Amino acid sequence: MRIRLIYPSWERLRYQTPYVLPPLGAAVVAALTPPEHEVSLSDENLAPVDLDAPADLAAVSTMLISQAPRACAIADGFRSRGVPVVMGGLMVACLPELAARHADAIVLGEAEGVWPQVLADLERKALRPVYRRGSLAGPEEMPAARRDIFKPGQYAYRGLRMMDLVETSRGCRFGCLPCLVPHAAGREHRMRDMAAVVRELRGVECDRVFIVDSALEQNEDHERALFRAMKGLGKSWVGHALSARPDIMSLAAESGCWFVYQAVLHDSPRIREKIRMMHDHGIAVEGTILLGLDEHGPDVFKRMVDFLLECGLDLAEFTVLTPFPGTPLFAEMKKAGRILHEDWGRYNAENVVFRPARMTPEQLAEGCRWAWEAFYEEESQSAKMTRLYRRLAGRGAWQPPA
Ligand code: B12
């Protein structure tokens, strides 16, 4: 069969650099596809999806809730041309009833162990409406992604090749608000075999990678083993939250870590100390600042910006708390009548979609805008980015484009 994998577009955050990264979920689904089928990818974040291109199956891969409107519209478009549609990915797992109205079949959760069955059923015209594996996938079932579905040169921003995404584990034992990972991928930390991870990393062409695992700090043994294994591979990498331990930070830096995404919920001494520690190890920090928690009043914006500037945070991304459907936070807010609307395209961590406890929705939206502008007032986001890239290039890790 000719299988067209589709990755629907979503609106970028207003102040965010508009780069596009390759979709790892789709590349994993491609890897799980038996070799007799032909697979191609259409990423709508790069170019419009050609609904008339020949296909025996349109497989829509989703990640963000805000992809829902495009995912459903694309599915409708293929079905109106008589092409069967299967939808999967995180958004589908969170909004199954919506997805089921637009697809011939939906896959809830991980594709491992399910996807070949979907294809076999389709071939014998016995597609079921819903597929879901009974348990979470074992780490040995998780394949190396098939990056040949990404066309060379497609993922670049201002001439700079975007990093490749790699997953070394799934699940998260922390239950942080409003994270979706424990609900979607379970609270058990499932680590892939290190030799398989190293093989995959060696096969990744790009010298910069994004280790997408949630909160690396959830498992110090895994951190140590991974960073030791990555040392000498010649990859500069970014990832999520490291453990605040000097030996782990040293191992991370030696293995090529140059940038970490760190969630910041409070202006706490613990966070200040952690940022200092990362800087001491030559690791830059981008804070994902969550605004609109129930304890946040209108004074939170200035307090947070002052704190982050004082900490010398390298980059900041200000987002508003978003109760994503499928999480307990959404259920709780829905019950309390605090959800303002279910316009899923606007559930992107920029629009206020709920009633905050200690301010109005307008105050929260305005405060978040103010925070972006105030943080980048002295030095713009692109100037800060350029400075970071220069530093990386100075380490000899890679050369920026001329
Ligand atoms: C990589 C990533 C990004 C990348 C996106 C890269 C890309 N190419 O699109 C970037 C950095 C841009 C990003 C941005 C954001 N992200 Co993000 N991101 C992730 C992350 C870390 C990894 C996703 C991933 O690749 N997983 C690995 C793959 C293999 O898993 P998967 O996609 O789930 O695929 C499996 C199944 O879902 C299924 N499947 C997938 N597709 C299909 C298709 C078919 C047909 C089938 C059968 C099965 C199937 O099979 C796969 C294998 O089992 C996740 C957290 C996580 N660990 O999942 C958060 C996550 C998806 N992001 C999240 C958030 C909140 C955001 C932001 C809003 C955050 C912010 N602070 O700005 C922004 C988006 C804002 C915007 N509008 O621009 C939330 C989800 C939010 C939501 N529900 O909408 C997550 C879950 C993190 C969290 N802590 O909750 N993100």
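No experiment lies behind these values; they were computed from the predicted model shown.

*Asks:* Explain the nonpolar core here, please?
*Replies:* In a soluble, globular protein the nonpolar side chains are often hidden away together inside. Leu5, Met87 and Leu291 are the most contacted members of the largest nonpolar core, which totals 113 residues. What Leu5 contacts, discounting residues up to four positions off in sequence, is Ala26, Val29, Ala30, Val39, Ser40, Leu41, Ala59, Ser61 and Ile149.

*Asks:* I keep staring at the site of the ligand and nothing clicks. Help me out?
*Replies:* Around the ligand, the surrounding shell holds 41 residues, and the nearest of these are Gly25, Ser61, Gly88, Gly89 and Ala111. Those elements that provide at least two residues to the shell around the ligand are helix 1 (24-31), strand 3 (57-62), strand 4 (85-89) and strand 16 (315-320). Sorting elements by how many residues they give to the shell around the ligand places helix 1 first, with five residues. By residue class, the composition of the shell around the ligand is 25 nonpolar, 10 polar and six charged.

*Asks:* So what exactly am I meant to see when it comes to the sheet that holds strand 9 (residues 164-166) here?
*Replies:* Picture the strands of a sheet paired through backbone hydrogen bonds; they go either parallel or antiparallel. Taken in spatial order, the six strands line up as 9-12-13-14-15-16 in an open sheet, and their pairing is parallel. Only two strands of the sheet have a single partner each, and these edge strands are strand 9 and strand 16. Each strand of the sheet is rotated relative to its neighbour by a mean of 20°, with strand direction disregarded. Sheet topology places strand 9 next to strand 12 (residues 208-211); three bridges connect them, and they run parallel. Residue pairing across strands places Val166 opposite Ile211, the latter belonging to strand 12.

*Asks:* Honestly, unusual backbone geometry in this entry has me stumped. Any pointers?
*Replies:* Generally, phi is negative for residues other than glycine and the peptide bonds are trans, each holding for most cases. In the segment running from Leu177 into Pro178, the intervening peptide bond is cis, with an omega of -5°. By the element assignment, Pro178 lies in the loop between strand 10 (169-170) and helix 6 (181-185). Positive phi, normally seen in glycine, also occurs at Ala215, with a value near 35°. Inspection of the secondary structure assignment puts Ala215 in the loop between strand 12 and helix 8 (220-230). For Ala349, which is not a glycine, the phi torsion comes out positive at approximately 70°.

*Asks:* I keep staring at the domain arrangement of the protein and nothing clicks. Help me out?
*Replies:* Note on interface size: it is often stated as the accessible area lost on association of the parts. Domains assigned within the protein are domain 1 (2-134) and domain 2 (141-394). Relative to domain 2, the C-alpha centre of domain 1 lies at a distance of 25 Å. Across the boundary between the two partners, domain 1 contributes 34 residues, which contact 33 residues of domain 2. Of all elements in the fold, only helix 1, strand 2 (38-43), helix 2 (68-80) and helix 3 (90-94) reach the threshold of two or more residues within the side of domain 1 that touches domain 2. Counting residues per element, the side of domain 1 that touches domain 2 draws most heavily on helix 1, at six residues.

*Asks:* Explain the packing of helix 7 (residues 194-203) against helix 8 to me, please; I cannot follow it from the model alone.
*Replies:* Any two packed helices are characterised by the angle at which their axes cross and by the distance between the axes. It is the contact of helix 7 with helix 8, at a shortest axis distance of 10 Å, that shows an interaxial angle of 40°. With respect to each other, helix 7 and helix 8 are oriented oblique. The interaxial crossing formed by helix 7 with helix 8 has right-handed handedness. Here helix 7 contributes Met194, Val197, Val198 and Leu201 to the contact with helix 8, which in turn contributes Ala225, Leu226, Ala229 and Met230. Here the residues of the contact of helix 7 with helix 8 sort into eight nonpolar, no polar and no charged.

Conventions adopted
- Residues numbered from 1 in each chain as written.
- Predicted model: local features only at pLDDT ≥ 70, side-chain atom pairs only at ≥ 80, totals over all residues.
- Core = buried A, V, L, I, M, F, W, Y, C linked by C-beta atoms within 7 Å.
- Buried ≥ 20, exposed ≤ 12 C-beta atoms within 10 Å, placed from the backbone.
- Contact = placed C-beta atoms within 7 Å.
- Near = placed C-beta within 6 Å.
- Helix = DSSP H or I, 4+ residues; strand = E, 2+ residues; numbered from the N terminus.
- Nonpolar A, V, L, I, M, F, W, Y, C, P; charged D, E, K, R; others polar.
- Pairing = 2+ DSSP bridges.
- Axes fitted to C-alpha atoms, helices over the stretch in contact; angles between N-to-C directions.
- Domains from an automatic or database assignment.
- Parallel < 35°, antiparallel > 145°, perpendicular 65-115°, else oblique.
- Left-handed = near helix turned anticlockwise from the far one by under 90°.

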